[in-house]
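# Geometric and topological summary
Here is how the chains run, residue by residue.
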Amino acid sequence: MTVTIRPAVRSDAEQILAFITELAEYERARHEVIASVADIEHSLFGEGSTVHSLICERNGRAIGFAVYFYSYSTWLGRNGIYLEDLYVTPEQRGDGAGRQLLRHIAREALANQCGRLEWSVLDWNEPAIGFYQSLGAEAQDEWVRYRLDGEKLAAFARG
């Protein structure tokens, strides 16, 4: 069964949102998904979008996706790629599709002289952690991620 990876297109927006929702359910955060198909169409495929997305297919059927964007490292003086989401449907896991998606992005990073490829994973997601470690990825335990969003972001911006 052949796996194909291709750039996502606007007509994939509904499928991408379905994958996002499945991933959020797995991560126990379904209630946090407020995106609509129109939001996905605009943010991923609208004019000036800086986000990239891939669709992973097996025998012509979408089985997963990835969303990523270019970041920058002042220390390296180079761009990097930040992987926002990587998801393969549960029944399609264990057959190399996730590895192929990640390798596709890694090759893009090298082709564009990026200094790193990075992502975040929930600390309780042992299957994902094991998968990433099997690739040679290393946890960055010394960094703590912070976030401002919603009303806290708005309040801070207002000063």
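Residues numbered from 1 in each chain as written. Predicted model: local features only at pLDDT ≥ 70, side-chain atom pairs only at ≥ 80, totals over all residues. Heavy atoms only, no water.

### Here we look at the overall build of the protein chain
- Tallying secondary structure elements over the protein chain gives five helices and five strands in all.
- Counting helices and strands in the order they occur from the N terminus, the protein chain gives β-α-α-β-β-β-α-β-α-α.
- A compact globule built from 159 residues would reach a C-alpha radius of gyration of about 15 Å, and the protein chain, at 16 Å, matches this within 12%.
- The dimensions of the protein chain, computed from C-alpha atoms along their principal axes, are 55 × 35 × 35 Å.
- The buried share of the protein chain, taken over its 159 residues, is 34%.
- Look at the contacts in the protein chain between residues 6 or more apart in sequence, and 57% of them connect residues 24 or more apart.
- Taken as a whole, the protein chain presents about 10,600 Å² of accessible surface, with 51% of it coming from carbon and sulfur. (Helix = DSSP H or I, 4+ residues; strand = E, 2+ residues; numbered from the N terminus. Rg over C-alpha atoms; globule rule 2.2 N^0.38 Å. Buried < 20%, exposed > 50% of the residue type's maximum accessible area, 1.4 Å probe, protein only. Contact = heavy atoms within 4.5 Å. Areas by Shrake-Rupley, 256 points an atom, 1.4 Å probe, with all protein chains shown as cover.)

### A closer look at the UniProt feature "domain: N-acetyltransferase" (unreviewed entry) in the protein chain
- The positions that UniProt labels "domain: N-acetyltransferase" (unreviewed entry) are, in the present scheme, residues 3-159.
- For residues 3-159, the end-to-end C-alpha separation is 50 Å, with 36% helix and 25% strand making up the annotated structure. (UniProt positions renumbered as here; feature names shortened; annotations may be inferred.)

### A closer look at the sheet that holds strand β4 (residues 78-88)
- Spatially, five strands are ordered β1-β2-β3-β4-β5 in an open sheet, and the strand pairing comes out mixed. Two strands in the sheet have a free side with no partner beyond their single neighbour: β1 (3-7) and β5 (117-119). When the angles between neighbouring strand axes are averaged without regard to direction, this sheet yields 30°.
- Where β4 meets β5, three bridges bridge the pair, whose relative direction is parallel. In the strand pairing of β5, I81 is matched with L117. (Pairing = 2+ DSSP bridges. Axes fitted to C-alpha atoms, helices over the stretch in contact; angles between N-to-C directions.)

### Looking at the packing of aromatic side chains
- Applying the stated criterion across every chain yields a total of seven aromatic pairs.
- Between Y26 and W124 the ring centres are 5.8 Å apart and the planes differ by 50°, which places this aromatic pair in the tilted class. One end of the pair, Y26, is in helix α1 (residues 13-26); the other, W124, is in the loop between β5 and α4 (126-134), with 98 residues separating them in the sequence.
- Pairing W119 with Y132 gives two aromatic rings, centres 5.0 Å apart and planes at 55°, and the pair type is tilted. Residue W119 is located in strand β5, and its partner Y132 is located in helix α4; the two are separated by 13 residues in the primary sequence.
- Residue classification places W119 among the partly exposed residues on the basis of a relative accessible area of 22%.
- Site record: aromatic cluster; members linked through ring pairs are F19, F65 and Y87.
- Lying over the aromatic face of W124, R28 brings its terminal NZ or CZ to 3.8 Å of the ring centre.
- The cationic tip of R93 hangs over the ring face of Y26; the distance from NZ or CZ to the ring centre is 5.9 Å. (Phe/Tyr/Trp six-rings, centres within 6.5 Å; stacked < 30°, edge-to-face > 60°. Lys NZ or Arg CZ within 6 Å of the ring centre and 35° of its normal.)

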